[in-house]
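Chain and residue survey
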Amino acid sequence: NGAAANVQYFGGTEDQPACDYDYKPLTEIVAEHLDYFDLTAEDTPVFADFYVLVLTQPADPAAQETYINALVQCLNENRAAGLPTILIDAGNGTYGTAFHKALTDQAELGWLLSYAGFLDMAIVTGTALSHGVARYAFLQHGEQTDATEQAFVRTLADSILKDFCYKNIVRNDILSFVRNDLSGNADNFWMPDIDRVAILERLEAGMAAAVAPVIENLERSNFISSLSSTREYAERGWGGIALKNYRF
């Protein structure tokens, strides 16, 4: 309904495509998504209804830590002020695990409206904005229930855990294990037929270690539970998180 979004970029390459699969600069892609959702871009942060923070690929590879720290500081300032925020990792893997570690150590992940970074860069922007805008609209106009809140935290946890823990840590170990230890095809566990039980055990063990600090962060987080049109703001705690039924 015409809400105003303030978009801030960190990394210095927002005027370029985020990856080989994009054909427009990141700024244009974001602008098109805002227009699609009937949102207006607000350059003055104080006048915005919600906020979008985007980490781009680094213009200066030697300044990666500076870009990360600036974004995390901005995110924490938004958190302190209760400003609803969407986070997009458009770094396309160039930061390794450094960005995720900084967020886990220094930010409150569960407070975000949405996060995306796990998918291919060509669809990360759409995923983060569609999830975040839907959540913002629901907080404005929807009827909160235990079921809707549980659905939200599951969606956010799924995005964060797959990106932070699986994509950049456990997945590479699985690929190496299948190829080097089992002499298999990492794209097809049935041709040739390999020990799929061993792969699943490897996955579960790797994830158990990788998710521990991230789950601790989420379990200590609050999430925005009310953001009505009257600007009534409220939060609730996440509570416990359990992961089970891993499968490929």
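Let me sum up the structure you'll find in this document.

What counts, and at which threshold
Residues numbered from 1 in each chain as written. Predicted model: local features only at pLDDT ≥ 70, side-chain atom pairs only at ≥ 80, totals over all residues. Heavy atoms only, no water. Helix = DSSP H or I, 4+ residues; strand = E, 2+ residues; numbered from the N terminus. Buried < 20%, exposed > 50% of the residue type's maximum accessible area, 1.4 Å probe, protein only. Areas by Shrake-Rupley, 256 points an atom, 1.4 Å probe, with all protein chains shown as cover. Lys, Arg positive; Asp, Glu negative; His and termini not counted. Charge placed at Lys NZ, Arg CZ, Asp CG, Glu CD. Pairing = 2+ DSSP bridges. Axes fitted to C-alpha atoms, helices over the stretch in contact; angles between N-to-C directions. Left-handed = near helix turned anticlockwise from the far one by under 90°. Contact = heavy atoms within 4.5 Å. Nonpolar A, V, L, I, M, F, W, Y, C, P; charged D, E, K, R; others polar. Phe/Tyr/Trp six-rings, centres within 6.5 Å; stacked < 30°, edge-to-face > 60°.

Attention now moves to the overall build of the protein chain. Across its full length, the protein chain carries 6 helices and 7 strands. Going from N to C terminus, the protein chain has its helices and strands arranged as β-α-β-β-α-β-α-β-α-α-α-β-β. The buried share among the 248 residues of the protein chain stands at 46%. As displayed, the protein chain has an accessible area near 12,500 Å², and 49% of this comes from carbon and sulfur atoms. In the protein chain, which carries 16 positive and 34 negative side-chain charges, the distance between the mean positions of the two groups comes to 8 Å.

Sheet architecture is open: 5 strands sit in the order E2-E1-E3-E4-E5, paired in parallel fashion. Every other strand in the sheet has two partners, leaving strand E2 (40–41) and strand E5 (114–116) as the edge strands with one partner each. In this sheet, E5 lies alongside strand E4 (residues 85–90) in parallel orientation, the contact comprising 3 bridges. Note that in E5 the partner of Ile88 across the bridge is Ala116.

Our next topic: the packing of helix H3 (residues 98–106) against helix H5 (residues 146–181). For the pair H3 and H5, interaxial distance at closest approach is 10 Å and the crossing angle is 150 degrees. As H3 packs across H5, the resulting crossing turns out to be left-handed. From H3, His100, Leu103 and Thr104 reach across to H5, where they touch Asp163, Phe164 and Asn168. Tallied by class, residues from the contact of H3 with H5 come to 2 nonpolar, 3 polar and 1 charged.

The subject of this paragraph is the environment of Tyr136. Note on placement: Tyr136 falls in helix H4 (residues 121–141). Taking the C-alpha atoms as reference, Tyr136 lies 12 Å from Tyr233; in sequence the two are 97 residues apart.

This next bit is on the packing of aromatic side chains. A complete count under the given rule lists 5 aromatic pairs for this structure. With a centroid separation of 5.0 Å and 40 degrees between ring planes, the pair formed by Phe50 and Tyr136 is classed as tilted. Here Phe50 is found in strand E3 (residues 50–56), whereas its partner Tyr136 is found in helix H4, with 86 residues between them in sequence. Both residues of the pair, Phe50 and Tyr136, count as buried.

With that out of the way, let us pick up unusual backbone geometry. Across the junction of Met191 and Pro192, the peptide omega takes the value -5 degrees, indicating a cis bond. In this fold, Pro192 is placed in the loop between H5 and helix H6 (196–219). Despite not being glycine, Ser183 shows a phi value in the positive range, around 50 degrees. Following the sequence through the fold, Ser183 ends up in the loop between H5 and H6. The phi torsion at Asn245 lies on the positive side, around 60 degrees, for a residue other than glycine. The exposed category is assigned to Asn245, whose relative accessible area is 56%.

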